[in-house]
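If you want the building blocks of each chain, they are given just below.
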Amino acid sequence: MAVALSSLFTVRAASWDTQQRLPYNRQRTKPKKPQNPTTTTTPTLTLTATPNNTIDSSISALLQRKIRKPIREKLEETYLGYETWLPTPPKVEKPRSIYNAASLAYIGDSIYELYARRHFLFPPLNIEEYNNRVMAVVRTEAQDAMLQKLLTDNYLSEEERDVLRWGKNSSSSKTRTKKRVGVAVYNSASSLETLVGYLYLTNTKRLEEIMLKLGFSSVTSPI
């Protein structure tokens, strides 16, 4: 056993001693380190939380932009040659008899965001800036401020106000957003989404009028 261990030790030692080494070269130079590529940063829009009394003005300022011509009081009947630019809604004469308020708020949320995305399509921006601008106007506090603007200007009909009350009183599960903004603000935003969903199914022309009143532009071409 001792002989076997000693022979093994001798072999390992020989393998290290007899390993061929490269000759020393005084002219050898170290390889250059790769230069870091220059990076360019694109300025992004930074949105910070604002007090409740300034949300309305900040959202209105964000929605303002220059367009080719002022918006006409009478809405055009076609958009790019089509009767409407929105996805065709299902034909439902009485949505409230089929859907609950949460269902109309569900579809209204997507329609509302579609208006916001179309509004900020021009001028061209990077994806991060698109998302920042859209999120600023679709968040719960912004929707509450939008609804207060409609109510203050007495722009809604009695039927539309009834839909708001219906959507506001609908029960919903507890969410982190409701806990953050409060029940009143959360229910107000949900009622606006319910109204948007209701008008999307019943009267898209009136929906367009309300969204224009809120500041969403129907002109999609820049100056």
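Computed from a predicted model, the values in this text were never measured in an experiment. Each chain has its residues counted from 1, following the order in which its sequence is written. Note on the predicted model: pLDDT of at least 70 is required for a residue's local features to be given, and 80 or more for side-chain atom pairs to be given and counted; whole-chain, interface and lining totals, by contrast, use all residues. For side-chain calculations, the full set of non-hydrogen atoms in the structure is used, while hydrogens and water are omitted.

Mind laying out the overall build of the protein chain, listing which residues take part and the relevant values?
Helix and strand definitions follow DSSP, with helices as H or I runs of at least four residues and strands as E runs of at least two, each counted in order from the N terminus. When helices and strands are tallied, the protein chain shows nine helices and zero strands. Listing each helix as α and each strand as β along the protein chain from the N terminus yields α-α-α-α-α-α-α-α-α. Exposure is judged per residue with a 1.4 Å probe applied to protein chains only, and the accessible area is read against the type maximum: over 50% gives exposed, under 20% gives buried, and values in between give partly exposed. Split into buried and exposed, the 223 residues of the protein chain put 31% on the buried side. Within the protein chain, contacts between residues at least 6 apart in sequence are counted, and of these 79% link residues at least 24 apart. A total accessible area of about 16200 Å² is found for the protein chain, and carbon and sulfur atoms account for 54% of it. Only heavy atoms enter the contact rule, under which two residues are in contact if any of them lie within 4.5 Å. Using a 1.4 Å probe, the Shrake-Rupley method yields the accessible areas, and only the shown protein chains count as cover for residues.

Can you explain the packing of aromatic side chains? Please cite residues and give values.
Two aromatic rings, drawn from Phe, Tyr or Trp (for Trp, its six-membered ring), form a pair once their centres lie within 6.5 Å of each other, and the interplanar angle then sorts them: stacked below 30 degrees, edge-to-face above 60, tilted otherwise. Enumeration according to the criterion identifies one aromatic pair in this entry. Seen from their ring centres, Tyr112 and Phe216 are 5.5 Å apart, and the 80° between their planes marks the pair as edge-to-face. With Tyr112 in helix 3 (residues 101-119) and Phe216 in the segment after helix 9 (204-214), this pair connects stretches of sequence that are 104 residues apart. For Phe216, a relative accessible area of 0% puts it in the buried group.

Tell me about the environment of Phe216, and name the residues and values.
Separated by 104 residues in sequence, Phe216 and Tyr112 place their C-alpha atoms 9.8 Å apart. Setting aside chain neighbours within four positions, we find Phe216 in contact with Leu63, Tyr112, Tyr115, Ala116, His119, Val137, Met146 and Met211.

Can you break down helix 5 (residues 140-152) residue by residue, with the values?
Between its terminal C-alpha atoms helix 5 stretches 18 Å, which fits the 18 Å expected from 13 residues at 1.5 Å a residue. All of the buried residues along helix 5 are Thr140, Glu141, Ala142, Gln143, Asp144, Ala145, Met146, Leu147 and Leu150. Downstream of helix 5 by a residue or two, Asn154 has a phi angle that is positive, lying close to 55°. Given a helix with a known number of residues, its expected span is that number minus one, times 1.5 Å.

Describe in detail the side chain of Thr140, supporting the description with residues and values.
Position of Thr140 among the secondary structure elements: in helix 5. A relative accessible area of 13% means that Thr140 is categorised as buried. Those residues in contact with Thr140 that sit more than four places away from it in its chain are Thr177, Val181, Val185, Tyr186 and Ala189.

Could you give an account of the confidence of the model for the protein chain, naming the residues involved and the relevant values?
Across the protein chain, pLDDT averages 76, with 61% of residues at or above 70. Segment residues 5-17: pLDDT under 50, and zero contacts once partners within four positions in sequence are set aside and those in other chains are kept. Each residue carries a pLDDT score, the predictor's own confidence in it, on a scale running from 0 to 100. Confidence over residues 39-50 falls short of pLDDT 50; this stretch has 16 contacts with residues more than four positions distant or in other chains.

For the nonpolar core, give the residues involved together with the corresponding values.
Membership of the largest hydrophobic core comes to 33 residues, with the highest contact counts inside it found for Tyr112, Val137, Met146, Leu207, Met211 and Phe216. Contributing elements (two or more residues each) for this core: helix 2 (52-63), helix 3, helix 4 (127-138), helix 5, helix 6 (158-168), helix 8 (183-202) and helix 9. Counting residues per element, this core draws most heavily on helix 8, at seven residues. Nine residue types can take part in a nonpolar core, namely buried Ala, Val, Leu, Ile, Met, Phe, Trp, Tyr and Cys, and a core is a set of them joined through side-chain atoms within 4.5 Å.

Give a detailed account of the pattern of salt bridges, specifying residues and quantitative values.
In the sections that follow, a salt bridge refers to a side-chain nitrogen of Lys or Arg positioned within 4 Å of a carboxyl oxygen of Asp or Glu. Summed over the entire model, instances satisfying the criterion amount to nine salt bridges. Two residues, Glu158 and Arg165, come together in a salt bridge whose shortest N-O distance is 3.1 Å. Glu158 sits in the exposed class, given a relative accessible area of 54%. Classification of Arg165 by relative accessible area gives partly exposed; the value is 41%. Among the ionic pairs, Arg206 bridges to Glu209, the shortest N-O distance being 3.3 Å. Of this pair, Arg206 and Glu209 are both found in helix 9, three residues apart, which corresponds to roughly one turn of the helix. Classification of Arg206 by relative accessible area gives buried; the value is 15%.

An account of the packing of helix 5 against helix 9 is requested, with residue identities and associated values reported.
A pair of packed helices is captured by two measures, namely the crossing angle of their axes and the spacing between those axes. In this analysis an axis means a line fitted to C-alpha atoms, helices contributing only their contacting stretch, and an angle means the value between N-to-C directions, from 0 to 180 degrees. Here helix 5 crosses helix 9 at 105°, and the two axes come no closer than 10 Å. Between helix 5 and helix 9, the interaxial angle falls into the category roughly perpendicular. In contact with Met146, Lys149 and Leu150 of helix 5, helix 9 contributes Ile210, Lys213 and Leu214. In the contact of helix 5 with helix 9, the residues fall into four nonpolar, no polar and two charged. For classification purposes, an angle smaller than 35 degrees is called roughly parallel, one larger than 145 roughly antiparallel, one from 65 to 115 roughly perpendicular, and anything else oblique. Gly is placed with the polar residues, together with every amino acid not listed as nonpolar (Ala, Val, Leu, Ile, Met, Phe, Trp, Tyr, Cys and Pro) or charged (Asp, Glu, Lys and Arg).

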